[in-house]
Amino acid sequence: MPVLDLKLYTTISVCVALVAFLYSCDIFTLPFTTFSFQKWFLFTSSLTQVDNSQNEAGTDISTEHRSSSSNNIDESWGVPEKSPHVATSVFQNMLAERYLTPRKPVGSMGPFLTSLFNFLQKEKTCVMIFINMAYCFLFLLGRLTLKFFFGQLRVIESQHMYDRLLNFLLFKVVFVGAILEPKWEELLIWTTWFTILGFLRIFSMLCRDRFEHLALTPNTPIQDHLRILSLLILILISDIFWFIMCISIFRSMLLLLTFECFTLFLDTVQTLVKYVIHLRDLSRTGVWESRGLLLYYTEFVTDTLILIATLGHYLHIMLLHGVSFTLIDAVLFLNMRSVFNNLRKKITAYCNYRQAISNMQTQ
């Protein structure tokens, strides 16, 4: 008997989300519509007054007039004044500086995002319901992806999928506990970010497991190879898209956010290169002597880069968090020790491999 009945869960989630949506329309959509038209009128009228005063006087605007006009503009856009006693989060300052501050008198995204932040801070129950609905859609998308691209999973594939998911969740809990303070907006953004990247990573590693199975299976239909290759390309494009979006929005936290994008890119590229080498070998009539060498170097280079990036990521987290001898520090230290040992073993094995090849060529 499954632990979670997906049909029942989807039905309950949709019903609750509909109720939350109707409630949100009353407190968010309608007030924002009236708010935006009124504030836009005040904003344009203040700009018109400033232009008229410049044309009539023929000189620069006085300091008092400029400050009063800017205050009217800020009030019309709904941008709150900064107070030295109010502590704002990193994401709030970054998004407010990039999107909520009006640069040109075009569009009305400033009031919309201001109202959205107010809604997220006040109506946390509705937000949690909508997040639950988003996860429900993600579960459905995962089921459809499994059915279309993989069919029936093998036992070892299912076990690997659950183990990787558990390890990913445990590490991200430790990561969030080490980096973030208990602020609602930051937790929401980090959870969304890691959910999407974790979803892509799980299917990327499933593609690797299925490739290893198909590479050892004779007379595999070409449709099976095309499905896995198509999914790998989709994952790679999605990862690049998220990386570009991270660069354009979250510039102040690039090292923290792009780590998952970088490692996912390397894992996906490794599987794609192995797949291309395998299909190239199948198309050849004779024995391809360079096949093993290409596979070895592909795996060695990508795995080494992933281990180096992971070790640097742990050091960055330790630098930001500091050493306070807590449970989080112990988990980070154990993970750093494990990654360092794996990197040392990988480099030692490569040196032994090069020494063995050199001895064979000498003899």
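To keep things clear, this report deals only with the structure shown in the data block. Predicted, not measured: the structure shown is a model, and the values here were computed from it.

Although it is not a glycine, Asn219 sits at a positive phi angle of roughly 55°. Inspection of the secondary structure puts Asn219 in the loop between helix H7 (184-215) and helix H8 (222-249).

Quick look at H7 now. The end-to-end C-alpha separation of H7 is 46 Å, in line with the 46 Å expected for 32 residues at 1.5 Å each. Counting buried positions along H7 gives 23 out of 32 residues, so the element sits mostly inside the fold.

Attention now moves to the pattern of salt bridges. Within this structure, the stated rule accounts for ten salt bridges. Residue Lys274 is joined to Glu299 by a salt bridge in which the shortest nitrogen-to-oxygen separation is 3.5 Å. Taken together, the positions of Lys274 in helix H9 (residues 254-283) and Glu299 in helix H10 (residues 291-321) put the pair 25 residues apart, joining distant regions of the chain. Classification of Lys274 by relative accessible area gives buried; the value is 11%. The exposure class assigned to Glu299 is partly exposed, which follows from its relative accessible area of 34%.

Right, let's talk about the side chain of Thr263 for a bit. By the secondary structure assignment, Thr263 is in helix H9. We classify Thr263 as buried; its relative accessible area is 4%. From its side chain, Thr263 meets the backbone oxygen of Glu260 in a polar contact 3.1 Å long. In this structure, Thr263 is in contact with Arg201 and Ile306, ignoring residues within four places of it in sequence.

Mapped onto the elements, Arg291 comes out in helix H10. Among the residues examined, Arg291 registers a relative accessible area of 25% and is labelled partly exposed. When the C-alpha atoms of Arg291 and His278 are compared, they prove to be 8.1 Å apart, with 13 residues separating the residues in sequence. Setting aside anything within four residues of it in sequence, one finds Arg291 in contact with Ile277, His278 and Asp281.

Moving on, we get to the nonpolar core. With 45 residues, the main nonpolar core has Phe150, Trp193, Phe203 and Leu206 as its most contacted residues. Elements represented by at least two residues in this core include exactly helix H5 (124-150), helix H6 (155-179), H7, H8, H9, H10 and helix H11 (327-362). In terms of residue count, H7 provides more of this core than any other element does, twelve residues in total. In contact with Leu206, not counting residues within four places along its chain, are Leu146, Phe150, Leu153, Glu157, Met161 and Arg164. Of all hydrophobic cores here, the second largest spans five residues; its members include Leu6, Tyr9, Met133 and Cys136.

Parameters at a glance
- Residues numbered from 1 in each chain as written.
- Predicted model: local features only at pLDDT ≥ 70, side-chain atom pairs only at ≥ 80, totals over all residues.
- Heavy atoms only, no water.
- Helix = DSSP H or I, 4+ residues; strand = E, 2+ residues; numbered from the N terminus.
- Expected span 1.5 Å × (residues − 1).
- Buried < 20%, exposed > 50% of the residue type's maximum accessible area, 1.4 Å probe, protein only.
- Salt bridge = Lys/Arg side-chain N within 4 Å of Asp/Glu carboxyl O.
- Polar contact = N/O pair within 3.5 Å; in protein donor to acceptor, adjacent residues only side chain to side chain.
- Contact = heavy atoms within 4.5 Å.
- Core = buried A, V, L, I, M, F, W, Y, C linked by side-chain atoms within 4.5 Å.

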